[in-house]
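Working through the structure, step by step
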Amino acid sequence: MSRVTASRDKTARIWDAASANEVAVLRGHEEWVHSAAFSPDGTRIVTASWDKTARIWDARLESMSAKDLLAQACARLAGLTKLTREEMRLAGYPDSMQEIDVCISGQ
C-alpha cells in the first residue's frame, strides 16, 4: 500500500507504507503543495498548491521505473518515440549518447 504526502518544497511524494521508502516525487507546482490524496480507487493522485492550482496525476505511471515508462510510451505511440536530450537525461542516459528512438533501438 502507498501513501502520499505534500511538501513545502513544491512537491508531493509517494511512499511505500510497508517499507517507508520513497517511491516517486511529483514535481510541477510553483509553490508549496499543501494537500495531496489518492482517489478512492487508488489510480490517481490529486495535489493542491499555494500556486492556486490543483493537479491530477496517474499514480501508476508516477511510480513506474523509467524502463517501464518507456515501454508504456512505445506501446501507446507504436514505436515513434525519439527522445529529446532532456528526456534522455530524465531517463538516465548519458549526455554523450546520441538522441535515439528507444522503441526501435531497444536501448
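How each quantity is defined
Residues numbered from 1 in each chain as written. Predicted model: local features only at pLDDT ≥ 70, side-chain atom pairs only at ≥ 80, totals over all residues. Heavy atoms only, no water. Pairing = 2+ DSSP bridges. Helix = DSSP H or I, 4+ residues; strand = E, 2+ residues; numbered from the N terminus. Axes fitted to C-alpha atoms, helices over the stretch in contact; angles between N-to-C directions. Core = buried A, V, L, I, M, F, W, Y, C linked by side-chain atoms within 4.5 Å. Buried < 20%, exposed > 50% of the residue type's maximum accessible area, 1.4 Å probe, protein only. Contact = heavy atoms within 4.5 Å.

**Quick look at the sheet that holds strand 5 (residues 44–49)**
Strand pairing within a sheet occurs via backbone hydrogen bonds; the two strands may be parallel or antiparallel. With antiparallel pairing, the three strands of this open sheet are ordered in space as 4-5-6. Edge strands, defined here as strands with exactly one partner in the open sheet, are strand 4 (33–38) and strand 6 (54–58). Between one strand axis and the next, the sheet turns through 20° on average, direction left out of account. Where strand 4 meets strand 5, five bridges bridge the pair, whose relative direction is antiparallel. The residue of strand 5 that forms the bridge with Ser35 is Ala48.

**Some points on the nonpolar core**
Here is a general trend for soluble globular proteins: nonpolar side chains tend to be buried in one another's company. The biggest cluster of nonpolar side chains holds nine residues, and these are Val4, Ala12, Ile14, Ala24, Leu26, Val33, Ile45, Trp57 and Ala59. Elements that contribute at least two residues to this core include exactly strand 2 (11–16) and strand 3 (22–27). If near-sequence neighbours (up to four positions away) are discounted, Ala59 is found in contact with Phe38, Gly42, Thr43, Arg44 and Ile45.

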